[in-house]
Each structure stands twice: as C-alpha cells, then as structure tokens.
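So you can see what is in the structure, the chains are spelled out below.
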Amino acid sequence: MPKSPNQKLKLLYLMEILLQQTDERHPMTVPEMISELARHGVAAERKSIYNDLESLRTFGLDIVQTKSRTTGYYIGARSFEVPELKLLVDSVQSSKFITHKKTLALIKKIEGLASIYDAQLLQRQVYVRGRVKSMNESVYYNVDEIADAISRDRQIRFHYFEYTIDKQRHYRKDGAFYIVSPMALMWDNENYYLLAWDAEAQLRKHYRVDKMTDISALDAPREGMEDFSEQDLSAYTKKVFSMFSGEECTVRLRFANHLVGSVLDRFGKDVIVVADGTEHFTVSLNVVTSPKFYAWLFGFGTDVEILSPPSARQAVSPYSPFFSLLFFHASQSLSSTVTWGRVMIVSHGKCWHWPQKSSPRSFTQSRVKQSPVTWASSQPGQPPFKYVGQAPQ
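Student: Let's hear about a nonpolar patch on the surface: which residues, and what values?
Tutor: Together, Phe80, Leu88 and Leu113 make up an exposed nonpolar region whose accessible area comes to about 230 Å². Owing to a relative accessible area of 40%, Leu113 belongs among the partly exposed residues under this scheme.

Student: Mind laying out the packing of aromatic side chains, listing which residues take part and the relevant values?
Tutor: Tallying each qualifying case throughout the model produces 10 aromatic pairs. Residues Tyr160 and Tyr207 carry aromatic rings whose centres are separated by 5.4 Å and whose planes lie at 85° to one another, so their mutual orientation is edge-to-face. Of this pair, Tyr160 sits in strand β3 (residues 154-163) while Tyr207 sits in strand β7 (residues 203-208), and the two are 47 residues apart along the sequence. In this pair, the class of Tyr160 matches that of Tyr207, namely buried.

Student: Quick rundown of the environment of Ser290? Include the residues and the values.
Tutor: Checked against the element boundaries, Ser290 lands in the loop between β11 (280-289) and α11 (291-298). Note on Ser290: relative accessible area 1%, which makes it buried. Taking the C-alpha atoms as reference, Ser290 lies 8.8 Å from Glu248; in sequence the two are 42 residues apart.

Student: I'd love a proper account of the packing of helix α2 (residues 30-39) against helix α3 (residues 46-59), names of residues and values included.
Tutor: Axis separation between α2 and α3 bottoms out at 10 Å; the angle between their running directions is 95°. By the angle between their directions, the pair α2 and α3 is classed as roughly perpendicular. Only Arg46, Ile49, Tyr50 and Leu53 of α3 make contact with α2, whose side of the interface consists of Val30, Pro31, Met33, Ile34 and Leu37. By residue class, the composition of the contact of α2 with α3 is eight nonpolar, no polar and one charged.

Student: Outline the confidence of the model for the protein chain, supporting the account with residue identities and numerical values.
Tutor: Averaged over every residue, the pLDDT of the protein chain is 76; the share at 70 or more is 70%. Contacts of residues 322-393 to residues separated by more than four positions or lying in other chains number 118 contacts, the stretch itself having pLDDT below 50.

Student: Got a sec to walk through the nonpolar core? Specific residues and values, please.
Tutor: In this structure, Ile156, Phe158, Leu194, Tyr207 and Met212 are the most contacted members of the largest nonpolar core, which totals 25 residues. Looking at this core, the element that brings in the most residues is helix α7 (residues 139-151), giving four residues. Excluding residues that lie within four positions of it along the chain, Leu194 makes contacts with Ile146, Ile156, Val180, Pro182, Met183, Ala184, Leu185, Lys205, His206, Tyr207, Val209 and Met212. The next biggest cluster of nonpolar side chains, apart from the first, holds 21 residues, and it includes Phe255, Leu297, Phe298 and Ala312.

Student: So what's going on with the pairing of strand β9 (residues 247-256)? Which residues, and what values?
Tutor: Relative to β11, β9 runs antiparallel, the two being bridged by 10 bridges. Its bridge partner lying in β11, Leu253 is registered against Val283. As defined by bridge partners, β9 adjoins strand β12 (residues 304-308) across four bridges and the pair is classed as antiparallel. Opposite Phe255, over in β12, you have Val304 as the bridge partner.

Student: Summarise α3; cite the residues concerned and give the values.
Tutor: Between its first and last C-alpha atoms α3 spans 20 Å; for 14 residues at 1.5 Å apiece the expected length is 20 Å, and the two agree. Tucked inside the fold, the buried residues of α3 contact α1 (10-21), α2, β1 (63-67) and β2 (71-75). Phi turns positive, to about 125°, at Gly60, one or two residues after α3.

Student: Before we move on, can you summarise the sheet that holds β12 with the specific residues and values?
Tutor: Read from one edge of the open sheet, four strands run β10-β11-β9-β12, paired in antiparallel fashion. Since the sheet does not close on itself, it has two edges, and those belong to β10 (274-276) and β12, each with one partner. Averaged over neighbouring strand pairs, the angle between their axes works out to 40° when direction is ignored. In the packing of helix α10 (residues 260-267) onto the sheet, contacts are made with β9 and β11, and the angle to β11 comes to roughly 30°.

Student: Please provide a residue-by-residue account of the side chain of Asp118, values included.
Tutor: Secondary-structure assignment places Asp118 in helix α6 (residues 116-123). Judged by relative accessible area, Asp118 falls into the buried class, the value being 8%. Of the polar contacts made by the side chain of Asp118, one reaches the side chain of Arg25; its length is 2.9 Å. Those residues within four positions of Asp118 in sequence are excluded, and the remaining contacts are Asp23, Arg25 and Val82.

The rules behind the values
- Residues numbered from 1 in each chain as written.
- Predicted model: local features only at pLDDT ≥ 70, side-chain atom pairs only at ≥ 80, totals over all residues.
- Heavy atoms only, no water.
- Patch = residues over 30% accessible without salt bridge, like charges linked within 9 Å, V, L, I, M, F, W, Y side chains within 5 Å.
- Areas by Shrake-Rupley, 256 points an atom, 1.4 Å probe, with all protein chains shown as cover.
- Salt bridge = Lys/Arg side-chain N within 4 Å of Asp/Glu carboxyl O.
- Buried < 20%, exposed > 50% of the residue type's maximum accessible area, 1.4 Å probe, protein only.
- Phe/Tyr/Trp six-rings, centres within 6.5 Å; stacked < 30°, edge-to-face > 60°.
- Helix = DSSP H or I, 4+ residues; strand = E, 2+ residues; numbered from the N terminus.
- Axes fitted to C-alpha atoms, helices over the stretch in contact; angles between N-to-C directions.
- Parallel < 35°, antiparallel > 145°, perpendicular 65-115°, else oblique.
- Contact = heavy atoms within 4.5 Å.
- Nonpolar A, V, L, I, M, F, W, Y, C, P; charged D, E, K, R; others polar.
- pLDDT = per-residue confidence, 0-100.
- Core = buried A, V, L, I, M, F, W, Y, C linked by side-chain atoms within 4.5 Å.
- Pairing = 2+ DSSP bridges.
- Expected span 1.5 Å × (residues − 1).
- Polar contact = N/O pair within 3.5 Å; in protein donor to acceptor, adjacent residues only side chain to side chain.

Below is the structure:
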C-alpha cells in the first residue's frame, strides 16, 4: 500500500482518536479506527493497527480491550477522571476574577481532557451566564506577569483603579504608577490578591489583581523579603479578613454553640474550642482587627461576644446597640421586648430609652428632647435610625 504524506503521523493520530472518541461506554473497533485514520489522510491495515495499539500501551496509554459480538478498544484510566474535571469546571465558572470570555475558553480546554461524550456531560453542567464576573480581560495575563516577576526576584509597577458610580475606571494616585515588591499571589473571598511590600510606606499591602493594569517588571530586586520570610501564608489568610489591613492581635471570643461550624469553616479544625457553660464556647484567635473582621462578627448578631482585648471591645461598643436594633428590627416591631443595656435610639423623629434592669422590658417612647449626648450620624444605605449614646440618667 503506497504511503501518504501523513503516514509518519499515524501513531499520533491514532492516539488522538482513542483519547477523544472512546471511553468505557464507547469502545471503537479496528475497522472504525482505520476509517477515522482515513479522514486524516492516513492509510492503515488491520495488522498495523494491532502493532500500533501495542506500541501505545508500551508508551503508557491505558488501552482496554472489550469482547462481545465485536472486539473494541477504549481508553481506561486518564490523567483526569470526570469528577476531577467537574471540580475544575466548577472552580473556573465560579471564579469572579476570571472574565466571562476567558471562563468559556478555559472550560473548553478542560473539556478537551475528556472524551467527546464526557465533554458533553460537562457542558450540560456549565452555568456561566448571569454570574458576577470580572470586567478586566487582562487579569489572566496579570497573574502570569506577577508570577514571572516573583520567580525572577524583581519589583513591579502597575496602575491601580476602582470603579465610579457610572461604571468607569478611576485610577488612583492620579494615574501614577504603583511600585512594589511582589511577595505572593493569594486567593481570598473569590478574588485573587497580590501580597506585596511597599518600600515607601514600609508596610505589607494587598492589591486586587483584577484591578491592576499595565503591569511590568523592573530591573530593581525585591525589597522586604525579611518580612515575608517570617510569614506563614496559610495562617496569614485565616487572620486577614477580605485582605483588609488593621492591627494584628489575639482576640478572645464567646460564641453560641450552634456557631462552632462557622468558626471551624473560617479558621480550620486546629482552632482550640473551649466549652463555656452548656450553651457557649470560647476561642482565642490571632486576627487582624479590620472593619471586615467586625462585620463578620456582627453577622452573628447577639450570638457572639468579644471578651478581650479591651481595644477590640471598645472598637465595637458604639455600634453594638445599633446592630442589635438592626437585627431585631428585621423581624419584629420596635415596641417588642429586648435585652440591652441603658441606651437611647432615635428613629423617625422619636426617641426610645432603654432602662437598665435585671429583667427585659419594652422600650418607653418619648419625644426627642435636648440632651447632653453626642448624636452619631446614620450611614448611607442603613435604616433610618441612629444610635445616640448613653441615655440620660
């Protein structure tokens, strides 16, 4: 049989055919292989196919032979099993920092690691439309540029932006370049962050990778590596909430027992949980006390209490009555019974005083009068009531 120009590619084409078009449910016969090879301009005989299959087995391909009415062959074990590919697809489609366009392209490549039949099953479980996705198409290449600078021990420069209310980019520093020493790329709260050393401020700082543009490596070597060498990144990401900076300290917290799962989810199973009575437990955590940390605590309402240090207790004390009212107001009227200390809350031009008693009592309603307390302004987007301070004695 005369050889075609593609004859030298015969073994490669046969491997590709087996990987793409066969699996346990779809074996392929030798005549079908010969037919598929012909589509690629490769002539083949039955005997040569058997020799090629044996060569591919020797190379390491798991080619399984089936015998029924006809003899078929398929790829058994693959580099990635279908459940593993499903995990990769789910990770890509749920990642906010990957744009819609790049998400579809990556999923297409992941599907190429399975047979065409399994790829169809993966595609049926892809839900990208409507998800919150980054609008920065260059984020994929930002990661590569940063990783390359880290491997070559080089500083980088970049522009950093935020979005305005009309969804346009506004570059910080009036468009001037940021110059930092990249330390590591970290994943937190569905976003990619750069941990870097700012030599000018002498601080570690975090930057959202999808908000960085025009990244380039400089000739200058990185600085601040002494600080980075002391960091355990896995522990670092646990104590920093949403990459917000703040004072690092050990905080002792008291939780209701039903929140133990939330604590373990955030800090891992190595955290020491100490029973405190029959309904509560305490933990001591090394955290960065940023606004995001306190927001995480407030999400649990009255089921969490800061025991120490005093600085952390003082940081939240002005907001505790407000957040208690916020949670209570969501489900009940303001005239209902609550259990706070002596505070005064203003809402819709009226004032509620809460006398400190040993037993819960309802609010007593009165007109707002002049009093020597400091009024705290309400924040945008919050309900129309204010925490005023300690009620007059």
